[in-house]
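Chains, contacts and geometry: an overview
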Amino acid sequence: MTMTTAASTGHSDKTARGEQPPRPARVSALRRSWDKYWYAWAMVTPVAVVMAVLVLYPLGYGVYQSLTDANEANVATTIGAFHRPATYHFVGLDNYWHVLSGSDSDFYPRLVWTIVWTVSCVALQVGLGMGLAVLLNRKMRLRGFYRAMLILPWAVPSFIGVFAWRLMLNSQYGVFNDIITAVGLPQQDWLGTPLAQKIAVIMVNVWIGIPFNMVAVLGGLQSIPKELYEAAEMDGASPWQRFVNVTLPGLRPVTNTVILLGCIWTFNMFNVIYLLLGNNTTGDTDILVTFAFRKAFTGVSDYAGAATYGIIILALLMAFSTFYRRSTLKSEQA
């Protein structure tokens, strides 16, 4: 009681003398940070608000919907004066169990094809991009022209490129069929069978992705010191040995990043498959993200199921990114 009275008296004396009472350490640290970096906080705040509105809110709402049984028949709807209240219920992790346990017969076939699609596209993009970068890194005539032409697929919006390929692969009016019929071969239905559709979407996606890989690897090649090649050549190393022992280790930081970004982008590459095939597909070419789209917007919309697929895709990519970055850091430190 005496100590409390003394503390109160001391606090009253400081207030009477115009002194401010001591603030908690956390508040003081925030105040010092604001006083010192107020300009940085002011510049970051609009970006944080936009990110919260465009990313965090949809993500949080998607997580919430994945824990319900929401679909087109039980969500709230307003049509003119008519209003139907929402009647969906919270079901917890039932949707995730339904998908991951195999009760949803579409998930694992779609997952296998998504992995095959991602590995095939990224391997071809990185391999062909590296080959073109090595060629363009040499002195040659019209090198700038070749670089500009090879970057063109990256400069053109992807949906325009996909529609151009769709026209070229058209079974009736496509240029590919015009070429083969001109040499006496029968017309082909380039987008008519599941195998042909899979080959077509991989081919188009590789065509779109090569320029980025080429430019990234070309920048990495130009950052490798020439002295390393000169020393290897003086030691009698062949061109292949110089490529394996000098070029590839020098490109490792670039290729690690390119592969990671390529896997993330390709795993979620919606526009190539959807725009190239549209509804002319048996479903065999649907990867996880396009299948989730069809669940949400085809037939009776299954919003909860589509949201569940979206969160599972996010979890898979986060797990892969974490594992990949840890493994690459270990290899770089070794």
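Just so it is clear, the model here is predicted, and its values are computed rather than measured.

Okay, the overall build of the protein chain next. A count of helices and strands for the protein chain gives 13 helices and two strands. Relative to the compact-globule value of 20 Å for 334 residues, the protein chain shows a C-alpha radius of gyration of 29 Å, a clear excess of over 25%. Over its C-alpha atoms, taken along the principal directions, the protein chain stretches across nearly 105 × 75 × 35 Å. Put simply, the protein chain has 334 residues, and 31% of those count as buried. Within the protein chain, contacts between residues separated by at least 24 positions form 65% of all contacts whose residues are at least 6 apart in sequence. Within the structure as shown, the protein chain displays about 21,100 Å² of accessible surface, and the carbon and sulfur contribution to it stands at 68%. Within the protein chain, the 18 negative side-chain charges are centred at a point lying 10 Å from the centre of the 24 positive side-chain charges.

As a further point, take a nonpolar patch on the surface. On the surface, Val47, Val49, Val50, Met51, Val53, Leu54, Val55 and Leu56 cluster together to form a nonpolar patch covering roughly 740 Å² of accessible area. Within the element layout of this structure, valine 53 appears in helix α2 (residues 25–66). A residue is classified by how much of its surface remains accessible, and valine 53, at 52% relative accessible area, is exposed.

With respect to the helices and strands, the residue alanine 52 is situated in helix α2. Once residues within four sequence positions are removed from consideration, alanine 52 is found in contact with Tyr57 and Pro58.

This next bit is on the pattern of salt bridges. Pairing is possible between side chains that carry opposite charge, provided their charged atoms lie close to one another. Scanning all chains against the criterion turns up two salt bridges. For aspartate 286, the salt bridge is made with arginine 294, and the minimal N-O distance between the two is 2.9 Å. Here aspartate 286 matches arginine 294 in class, with each residue buried. The residue aspartate 302 makes a salt bridge to lysine 295 at a minimum N-O spacing of 3.6 Å.

This next bit is on helix α12 (residues 288–297). The buried count for α12 comes to seven of ten residues, which makes it a mostly enclosed element. Looking one or two places after α12, you find glycine 299, whose phi comes out positive at around 65°.

This brings us to the packing of helix α4 (residues 107–136) against helix α10 (residues 239–267). Here α4 crosses α10 at 140°, and the two axes come no closer than 10 Å. Viewed along their axes, α4 and α10 adopt a mutual orientation that is oblique. By crossing handedness, the relation of α4 to α10 is classed as right-handed. Packed against α4, whose contacting residues are Leu111, Thr114, Trp117, Thr118, Cys121, Val122, Gln125, Val126, Met130 and Val134, the element α10 presents Phe243, Leu248, Leu251, Thr255, Val258, Ile259, Gly262, Cys263, Thr266 and Phe267 at the interface. Across the contact of α4 with α10, the residue classes tally to 14 nonpolar, six polar and no charged.

This next bit is on the side chain of threonine 118. Tracing the sequence through the fold places threonine 118 in helix α4. Contacts of threonine 118, omitting those with residues within four sequence positions, involve Cys263, Thr266 and Phe267.

Moving on, we come to the state of the cysteines. For the coordinates displayed, the defined rule picks out zero disulfides. Summary of cysteine pairing: cysteine 121 is not part of a disulfide, and the nearest cysteine sulfur, belonging to cysteine 263, is at 10 Å.

Looking at the protein chain as a whole, the pLDDT averages 85, with 90% of positions reaching at least 70. Segment residues 1–12 is flagged for pLDDT under 50; beyond a separation of four residues in sequence, or across chains, it makes one contact in the model.

Let us now look at the nonpolar core. Counting residues in hydrophobic clusters, the biggest one holds 36 residues, and the most contacted among them are Trp117, Val201 and Leu276. Those elements giving two or more residues to this core turn out to be α3 (94–100), α4, α6 (158–168), α8 (194–222), α11 (270–277), α12 and α13 (303–333). Of the residues forming this core, the biggest block, seven residues, is contributed by α8. Sequence-distant contacts of valine 201, that is, excluding residues within four places in its chain, are made with Trp113, Trp117, Val272, Ile273, Leu276 and Leu277.

The rules behind the values
- Residues numbered from 1 in each chain as written.
- Predicted model: local features only at pLDDT ≥ 70, side-chain atom pairs only at ≥ 80, totals over all residues.
- Heavy atoms only, no water.
- Helix = DSSP H or I, 4+ residues; strand = E, 2+ residues; numbered from the N terminus.
- Rg over C-alpha atoms; globule rule 2.2 N^0.38 Å.
- Buried < 20%, exposed > 50% of the residue type's maximum accessible area, 1.4 Å probe, protein only.
- Contact = heavy atoms within 4.5 Å.
- Areas by Shrake-Rupley, 256 points an atom, 1.4 Å probe, with all protein chains shown as cover.
- Lys, Arg positive; Asp, Glu negative; His and termini not counted.
- Charge placed at Lys NZ, Arg CZ, Asp CG, Glu CD.
- Patch = residues over 30% accessible without salt bridge, like charges linked within 9 Å, V, L, I, M, F, W, Y side chains within 5 Å.
- Salt bridge = Lys/Arg side-chain N within 4 Å of Asp/Glu carboxyl O.
- Axes fitted to C-alpha atoms, helices over the stretch in contact; angles between N-to-C directions.
- Parallel < 35°, antiparallel > 145°, perpendicular 65-115°, else oblique.
- Left-handed = near helix turned anticlockwise from the far one by under 90°.
- Nonpolar A, V, L, I, M, F, W, Y, C, P; charged D, E, K, R; others polar.
- Disulfide = S-S within 2.5 Å.
- pLDDT = per-residue confidence, 0-100.
- Core = buried A, V, L, I, M, F, W, Y, C linked by side-chain atoms within 4.5 Å.

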